[in-house]
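Here are the chains, one letter per residue:
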Amino acid sequence: MQYKNKYKILLLIFLIAIIIVISIYIIHSNFIYISQEKYYKISDRKEIIDIIKKNHNNDKIPFNIKINNQSAYYNELENTYYYYYDTESFNKEEKFNLKIITDNNSNKNINFIINSNNYKKKRRIKVTYDDDINVLVYNNKSYDEFKIKFINLPLLNITYEQDVEINTTPQSSTITLYSNDVNTKKNNIITSNSLIRTRGGISILYPKKSYRLSLIKNDNKNKISLLGMRTDEDWILDSLYSEQSFIRSKLSYDLWNQINSTGTTVINNDINTEYVVVYMNNEYLGLYLLKEPVDKKTLNLNNDSILIKGITYTDFVYPATEITEPYYGPYELKLPNNITNYDFYWRKILDKMKPYFIDNEINDSVIENSFNPNNYIDYKIFVYLIKAVDNYSHKNLYLSLENLDEDTKLIFTPWDLDMTYGLIWTGKLPTYLEEIYDQYDNELYLFNENTPKLNIKIKDRYLELRKTVLSNENINKLIDNYKKDLEIGEASRNHDKWINASLDEEVEKVRDFFFKRIEVFDKYVGDYDV
């Protein structure tokens with residue numbers, strides 16, 4: 001019995017030994033090696049680096065890096081890794097744990113030296129925008145070099161076949177989004193196949209293009225949340241080319257979202273946006289605004305809903321003949337899609353629109369029967385207050401009906417909000433006009449003598465919003481936050497590539513115009529006797 005137990009023990013030991021030998025073999029065959037940092041005083045680094053370069057060959061060493069256990073975007077053309085720190089981290093000392101990683105057994109003994117005057121303590125660095133971090137990687141025979149650059153905005157890299165032209169026809173591509181956003185803390189990289197195309201009206205002629213992205217996976221929709229926004233496959237990249245403060249659209253959408261969230265009847269009508277830095281096939285394109293599109297999901301619509309988009313300023317009449325296409329007058333039918341009976345859905349929404357938009361019957365009864373009254377009031381105050389001259393008539397707005405019921409009301413949703421706060425379209429590019437109140441405001445009538453009940457609600461709502469969303473304090477806070485993010489460096493970098501301008505001057509134009517405009521409205525609303 002003792003011999004049998006002893007035999008079992010010896011057999012177990014033998015099996016364990018075999019497992020250990022096999023494991024060691026596997027590890028040495030596939031191990032990911034993490035190199036060692038050689039830390040030297042700033043005063044000694046140049047001399048040591050010179051010695052290494054003198055005694056080693058300048059050869060490519062295969063490796064990847066992680067910073068604080070997170071990946072960074074590598075731009076091969078610039079030989080630079082871009083790593084994201086939030087705005088609050090800039091010009092402060094922060095954790096900086098760099099790891100050089102290789103899976104090549106022959107390079108397991110590589111070391112590296114971080115050469116930067118901002119790197120004064122091991123694994124701690126002063127985060128700045130303009131100071132590149134130089135890194136030397138070396139082994140027994142060779143050395144390699146690269147740079148690290150810090151940015152404070154998420155970075156979106158788009159790749160596609162070089163010989164393909166990106167135009168209005170969707171093309172296959174891949175997107176990779178780098179961000180240390182709280183929602184992506186465990187994995188700061190989001191990658192997806194996508195279809196990309198250019199978008200816009202006149203803006204499609206700009207040298208800096210805007211794009212529409214449709215994320216896909218195995219030929220199906222790939223619904224992903226980007227930067228804490230909605231989970232979906234459709235996204236818009238707004239080039240922000242037409243205005244050099246880069247804040248007009250962002251400020252407008254954020255104010256609209258806040259106004260919409262404080263109404264007595266809160267509806268799904270928000271359009272969320274986030275700044276991103278965009279590269280395409282390793283070429284820097286600049287600062288963009290990543291936006292949610294206005295669609296079925298944004299407005300919480302269903303299969304019985306109708307959504308139209310204003311695409312021109314043209315006036316129109318009620319149709320005398322059957323409508324057989326998705327376009328009528330200045331509008332495009334966006335929902336429902338994949339239909340043949342266009343006339344049925346067009347007339348459903350046109351019947352609601354006719355008294356106000358076609359017959360010009362503006363009175364309390366028409367507005368109450370045609371529109372969601374609270375949304376109507378908010379939209380009118382919002383569009384006229386920010387002087388969205390491109391949105392005063394039919395163009396650049398969405399109108400929706402949640403369902404086909406007789407008592408369903410029209411909902412306004414604003415869109416394309418760059419021509420605001422003093423920008424006027426005058427040709428190839430918008431022009432800033434300082435006039436707070438001018439010929440473009442001929443339609444600026446928040447109040448109408450035929451809508452006495454509505455006038456009371458408009459005045460009350462405006463005064464309420466001036467204490468909250470439209471208070472000087474809230475507006476200044478929003479503008480200051482945008483400016484703080486942009487002045488770290490991405491605004492000036494974009495200006496250098498596309499249109500030279502001063503961020504400070506451009507932002508202050510917006511602020512100054514807005515507050516002067518509010519002064520006019522405060523008097524206009526305050527003096528109006530309801």
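Residues numbered from 1 in each chain as written. Predicted model: local features only at pLDDT ≥ 70, side-chain atom pairs only at ≥ 80, totals over all residues. Heavy atoms only, no water.

### Some remarks on the environment of Tyr 356
Stage number 1. Relative to the assigned elements, Tyr 356 resides in helix 4 (residues 342-358).
Stage number 2. For the pair Tyr 356 and Ile 367, spaced 11 residues apart in sequence, the C-alpha to C-alpha distance is 7.5 Å.
Stage number 3. Excluding residues within four positions of it along the chain, Tyr 356 makes contact with Glu 361, Ile 362, Val 366, Ile 367, Phe 371, Tyr 376 and Lys 380.
Stage number 4. Only 2.9 Å separates the side chain of Tyr 356 from the side chain of Tyr 376, close enough to count as a polar contact. (Helix = DSSP H or I, 4+ residues; strand = E, 2+ residues; numbered from the N terminus. Contact = heavy atoms within 4.5 Å. Polar contact = N/O pair within 3.5 Å; in protein donor to acceptor, adjacent residues only side chain to side chain.)

### Overview of the nonpolar core
Stage number 1. In terms of nonpolar packing, the biggest core is built from 119 residues, with Ile 65, Phe 96, Leu 98, Ile 148, Phe 150, Trp 346 and Met 353 touching the most fellow members.
Stage number 2. When neighbours within four sequence positions are excluded, Phe 96 is seen to be in contact with Ile 67, Asn 68, Tyr 85, Ile 114, Tyr 119, Arg 123, Arg 124, Ile 125, Ile 148 and Phe 150.
Stage number 3. If you look at the next biggest cluster of nonpolar residues, it comprises 22 residues, including Leu 215, Leu 227, Tyr 288 and Leu 290. (Core = buried A, V, L, I, M, F, W, Y, C linked by side-chain atoms within 4.5 Å. Buried < 20%, exposed > 50% of the residue type's maximum accessible area, 1.4 Å probe, protein only.)

### Concerning the side chain of Asn 391
Stage number 1. One can find Asn 391 in the loop between helix 6 (373-385) and strand 26 (397-401).
Stage number 2. At a separation of 2.8 Å, a polar atom in the side chain of Asn 391 contacts the main-chain carbonyl oxygen of Trp 415.
Stage number 3. Filtering out sequence-adjacent residues up to four positions away, Asn 391 remains in contact with Tyr 379, Val 383, Asn 396, Trp 415, Asp 416 and Leu 417.

### Focus: the confidence of the model for the chain
Stage number 1. Considering every residue of the chain, the mean pLDDT works out to 89; 88% of them sit at 70 or more.
Stage number 2. Below pLDDT 50 for its whole length, residues 21-33 participates in 14 contacts with residues either more than four positions away or in separate chains. (pLDDT = per-residue confidence, 0-100.)

### Some thoughts on the sheet that holds strand 23 (residues 306-310)
Stage number 1. Taken in spatial order, the five strands make up an open sheet running 24-25-23-26-27, and their pairing is antiparallel. For this open sheet the edge positions go to strand 24 (327-328) and strand 27 (411-414), each flanked by a neighbour on one side alone.
Stage number 2. With four bridges joining them, strand 26 and strand 27 adopt antiparallel strand pairing. The residue of strand 27 that forms the bridge with Leu 397 is Pro 414. (Pairing = 2+ DSSP bridges.)

### Some remarks on the packing of aromatic side chains
Here a ring pair, both rings aromatic, is described through the centre-centre distance and the interplanar angle of the planes.
Stage number 1. On inspection of all chains with the given rule, the structure shows 39 aromatic pairs.
Stage number 2. Pairing Tyr 73 with Tyr 178 gives two aromatic rings, centres 5.7 Å apart and planes at 55 degrees, and the pair type is tilted. With Tyr 73 in strand 5 (residues 73-75) and Tyr 178 in strand 14 (residues 171-178), this pair connects stretches of sequence that are 105 residues apart. Neither residue differs from the other here; Tyr 73 and Tyr 178 are each classed as buried.
Stage number 3. The structure contains a cluster of three or more aromatic residues connected by ring pairs, namely Trp 256, Tyr 356, Phe 357, Phe 371, Tyr 376, Tyr 379, Phe 382 and Phe 412.
Stage number 4. Geometry around Tyr 284 places Arg 493 over its ring, the cationic atom sitting 3.8 Å from the centre.
Stage number 5. One cation-aromatic arrangement involves Lys 497 over Trp 498; the distance from NZ or CZ to the ring centre is 5.1 Å. (Phe/Tyr/Trp six-rings, centres within 6.5 Å; stacked < 30°, edge-to-face > 60°. Lys NZ or Arg CZ within 6 Å of the ring centre and 35° of its normal.)

### Points about the pattern of salt bridges
Pairing is possible between side chains that carry opposite charge, provided their charged atoms lie close to one another.
Stage number 1. Enumeration according to the criterion identifies 31 salt bridges in this entry.
Stage number 2. Arg 230 is the partner of Asp 232 in a salt bridge, and the nearest nitrogen-oxygen pair spans 3.0 Å.
Stage number 3. Judged by its relative accessible area of 4%, Asp 232 is buried.
Stage number 4. Relative accessible area serves as the criterion here: at 12%, Arg 230 is assigned to the buried category.
Stage number 5. Ionic pairing is found between Arg 511 and Asp 480, a salt bridge with its closest N-O pair at 2.9 Å. Taken as a pair, Arg 511 in helix 10 (residues 503-527) and Asp 480 in helix 8 (residues 472-486) lie far apart in primary sequence, 31 residues in all.
Stage number 6. For Arg 511, a relative accessible area of 13% puts it in the buried group.
Stage number 7. Residues participating in the shared-partner salt-bridge network are Lys 221, Lys 223, Arg 230, Asp 232, Glu 233, Asp 295 and Lys 297. (Salt bridge = Lys/Arg side-chain N within 4 Å of Asp/Glu carboxyl O.)

### Here's the deal with the packing of helix 3 (residues 248-261) against helix 8
Stage number 1. At a closest axis distance of 11 Å, the pairing of helix 3 and helix 8 adopts a crossing angle of 140 degrees. By the angle between their axes, helix 3 is oblique relative to helix 8. Considering only the axes of helix 3 and helix 8, their crossing is right-handed. Residue-level inspection shows Lys 250, Leu 251, Asp 254, Leu 255 and Gln 258 of helix 3 in contact with helix 8, the latter providing Asn 474, Leu 478, Ile 479 and Tyr 482.
Stage number 2. Classifying every residue of the contact of helix 3 with helix 8 by side-chain character gives five nonpolar, two polar and two charged. (Axes fitted to C-alpha atoms, helices over the stretch in contact; angles between N-to-C directions. Parallel < 35°, antiparallel > 145°, perpendicular 65-115°, else oblique. Left-handed = near helix turned anticlockwise from the far one by under 90°. Nonpolar A, V, L, I, M, F, W, Y, C, P; charged D, E, K, R; others polar.)

### Observations regarding the packing of helix 3 against helix 6
Stage number 1. Interhelical geometry of helix 3 versus helix 6 gives an angle of 150 degrees and a closest axis separation of 11 Å. Here helix 3 is positioned roughly antiparallel relative to helix 6, judged by the angle of their axes. Where helix 3 crosses over helix 6, the two elements pack in a sense that is right-handed. Contacts between helix 3 and helix 6 pair Ser 252, Leu 255, Trp 256 and Ile 259 from the former with Asn 375, Asp 378, Tyr 379 and Phe 382 from the latter.
Stage number 2. Taken together, the residues that form the contact of helix 3 with helix 6 break down as five nonpolar, two polar and one charged.

### Focus: a nonpolar patch on the surface
Stage number 1. Where nonpolar side chains cluster on the molecular surface, the patch consists of Ile 202, Leu 205 and Trp 425 and spans about 330 Å² of accessible area.
Stage number 2. Relative to the helices and strands, Trp 425 resides in strand 28 (residues 423-425). (Patch = residues over 30% accessible without salt bridge, like charges linked within 9 Å, V, L, I, M, F, W, Y side chains within 5 Å. Areas by Shrake-Rupley, 256 points an atom, 1.4 Å probe, with all protein chains shown as cover.)

### So, the pairing of strand 8 (residues 98-102)
Stage number 1. The element strand 8 is extensively covered by neighbouring structure, given that four of its five residues are classed as buried.
Stage number 2. Two strands pair when backbone bridges link them, and strand 4 (residues 64-67) and strand 8 are joined in this way by four bridges, in the antiparallel orientation. From the neighbouring strand, Asn 64 faces strand 8, where its bridge partner is Ile 101.

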